[in-house]
Protein chains: 2
Amino acid sequence: MNTFKLMNKGQRTLVPVDVSTVQERVYQSLRLGLLRGEFLPGEQISIRSLAEVLGTSAMPVREALARLIAERAIEQSGPRTLRVAPYLASDHENYIRIRMQLEGYAAERAASAPKDPALIDSLKRHNDSMAEALAVGDFDAALAGNQAFHFELYRAGGYPQLLDLISTLWLRTGPIVASARKDAKLFDRLFHIGFRIHDDAIEAVERRDRAAARWAINLDIRSAHLAIRRFYKHAADQADNEGS
Amino acid sequence: MNTFKLMNKGQRTLVPVDVSTVQERVYQSLRLGLLRGEFLPGEQISIRSLAEVLGTSAMPVREALARLIAERAIEQSGPRTLRVAPYLASDHENYIRIRMQLEGYAAERAASAPKDPALIDSLKRHNDSMAEALAVGDFDAALAGNQAFHFELYRAGGYPQLLDLISTLWLRTGPIVASARKDAKLFDRLFHIGFRIHDDAIEAVERRDRAAARWAINLDIRSAHLAIRRFYKHAADQADNEGS
DNA sequence: GTATTTGATGTGTGATCACATATCAAAAAT
DNA sequence: ATTTTTGATATGTGATCACACATCAAATAC
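Residues numbered from 1 in each chain as written. Chains lettered and ligands numbered in written order. Predicted model: local features only at pLDDT ≥ 70, side-chain atom pairs only at ≥ 80, totals over all residues. Heavy atoms only, no water.

Caption draft 1: Highlighting the relation of the copies chain B and chain A. Once turned by 180° and shifted 0.0 Å along the axis, chain B lies on chain A with an RMSD of 0.0 Å. Taken together, the turn and the small shift mark the pair as related by a two-fold rotation axis. No C-alpha of chain B lies nearer the rotation axis than that of Arg 67 of chain B, which sits 2.6 Å from it. When you check the interface residues of chain B against chain A, 97% turn up at the interface there too, and the contact is symmetric in its surfaces. (Least-squares fit on C-alpha atoms with pLDDT ≥ 70 in both. Contact = heavy atoms within 4.5 Å.)

Caption draft 2: A negative patch on the surface, seen in detail. Residues and elements named next belong to chain A. A cluster of acidic residues, Asp 128, Glu 132, Asp 199 and Asp 200, forms a negative patch at the surface. Elements represented by at least two residues in the negative patch include exactly α6 (117-135) and α9 (184-206). According to the relative accessible area criterion, Asp 200 is partly exposed, its value standing at 44%. (Patch = residues over 30% accessible without salt bridge, like charges linked within 9 Å, V, L, I, M, F, W, Y side chains within 5 Å. Areas by Shrake-Rupley, 256 points an atom, 1.4 Å probe, with all protein chains shown as cover. Salt bridge = Lys/Arg side-chain N within 4 Å of Asp/Glu carboxyl O. Lys, Arg positive; Asp, Glu negative; His and termini not counted. Charge placed at Lys NZ, Arg CZ, Asp CG, Glu CD. Helix = DSSP H or I, 4+ residues; strand = E, 2+ residues; numbered from the N terminus. Buried < 20%, exposed > 50% of the residue type's maximum accessible area, 1.4 Å probe, protein only.)

Caption draft 3: Spotlight on the interface of chain B and chain A. Taken together, the contact between chain B and chain A spans 29 residues of the former and 28 residues of the latter. Between the two partners, chain B and chain A, sit six salt bridges. Measuring nitrogen to oxygen at the nearest pair gives 3.7 Å for the salt bridge that ties Arg 172 of chain B to Asp 164 of chain A. There are ten residue pairs in polar contact (both at pLDDT 80 or more) connecting chain B and chain A. Those elements that place two or more of their residues in the side of chain B that touches chain A are α4 (58-70), α5 (89-112) and α8 (160-179) of chain B. Looking at the side of chain B that touches chain A element by element, the count peaks at eight residues for α5 of chain B. Residues belonging to the side of chain B that touches chain A are distributed by class as follows: 15 nonpolar, four polar and ten charged. (Polar contact = N/O pair within 3.5 Å; in protein donor to acceptor, adjacent residues only side chain to side chain. Nonpolar A, V, L, I, M, F, W, Y, C, P; charged D, E, K, R; others polar.)

Caption draft 4: Quick peek at the pattern of salt bridges. On inspection of all chains with the given rule, the structure shows 30 salt bridges over all chains. The residue Arg 181 of chain B makes a salt bridge to Asp 140 of chain B at a minimum N-O spacing of 3.1 Å. Taken as a pair, Arg 181 of chain B in the loop between α8 and α9 (184-206) and Asp 140 of chain B in helix α7 (residues 139-155) lie far apart in primary sequence, 41 residues in all. For Arg 181 of chain B, a relative accessible area of 23% corresponds to the partly exposed category. Put simply, Arg 72 and Arg 172 of chain A together with Asp 164 of chain B are held in one network by salt bridges that share partners.

Shown next as structure tokens:
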């Protein structure tokens, strides 16, 4: 008669409980939105408006935003105002340097890991999908492909904690990068260069060349940074001209 | 006539508003508690109990904990259970490697910055206060001195964002480090070694020797790590013996 | 005596309300 | 016509309540 109980107890130990709270889904939704550029840098955020759009009450949104504030993806610009972190040239440059340290290290670790043909295949696939998306002008898919490539590589480094830190950095700079799509020509060129650098990175991992892997990723980050800086500088100049 | 308006617009940009909400004070309080070792690794956390102790309602505590969860200082171990991140040897080792990348880089930047006698003085003062605290067996003050030394150094690197990342890493590993105080002998030796390494770091900064600064900080982190690993290994062995 | 059931207690989650205050446009006074 | 005042609206913050569920010990049934 206690057969059932034993069964229950036996399978109870580590069943990955899928308790998906409303707050969690709101959080993931906002996170995705930030990475896909659905929020502009500096854009004001309202708890109640978001709650209405997402079809929940204000409570889960409030908590999800609290988490995003803790990750510095959203900031409190005043006593009663939330906004997406705006673009600030010097801040962004700081983030780029930090990202080079962290992501360069992750790439280095990925290249040090035992050779994994499946990884190489997967990286190539992500990079190709990025190029294909670019060919048809689908910037959303290109961004997703780029992100998938990078995180697949970093995941191979084998540090969940490092991956997590890098994620929050991407979350902070996500809206800034994604907004650059407004200049289609620049965005297109940026990703074409990225595609070639990714190829170098894949080759470096294949050769298990740590230094080359780090170098490639750092070049990728830096070149993207330069393009984005140019974009915002251009936007600022244009705003000045209109203002005068 | 628009003088006032222009002034307002000019100074509006970065006024550091001091709206200290209850939530913020709760958050800072919990943060300090974590860093000072008032919570044990793996300890269960209850919103309502904390609210009672802190003399607030559950609401601010809930939000403060949400932020700490986002920073991975507290984790959700089950559907309805919060706890301080427990000690896990491999996880902690990962954090150590990441800290070496980030804090080593920060030290490097501090050593690259223009020479600043006030900084050197301040570093020496923090390091001495750590040694003095140690001499009278005040581990709380020693921990505080150690922390002050490190963050003073990193602050000199000039990257607020980097400092922020390092802070969250310290928050995650804080309870683990602070708990090691239970082995007074080990803790004492750990800090004595730290004192000497800090001296090397100060000297490196004085000479503006980036490589030496990075090396010293990395040695500091690594040696602390080894001591702490030994502490937890010893504690686990003891628990095994008692269990047999 | 032992195994099962039950019930009290404590947990995080989410909804709803009251509140102080920031913002902005309309109205009033100069 | 310009400046000042005012009032409506929207904001985040915090308190309180209802709820579903997990845990554990006491009570019950075997």
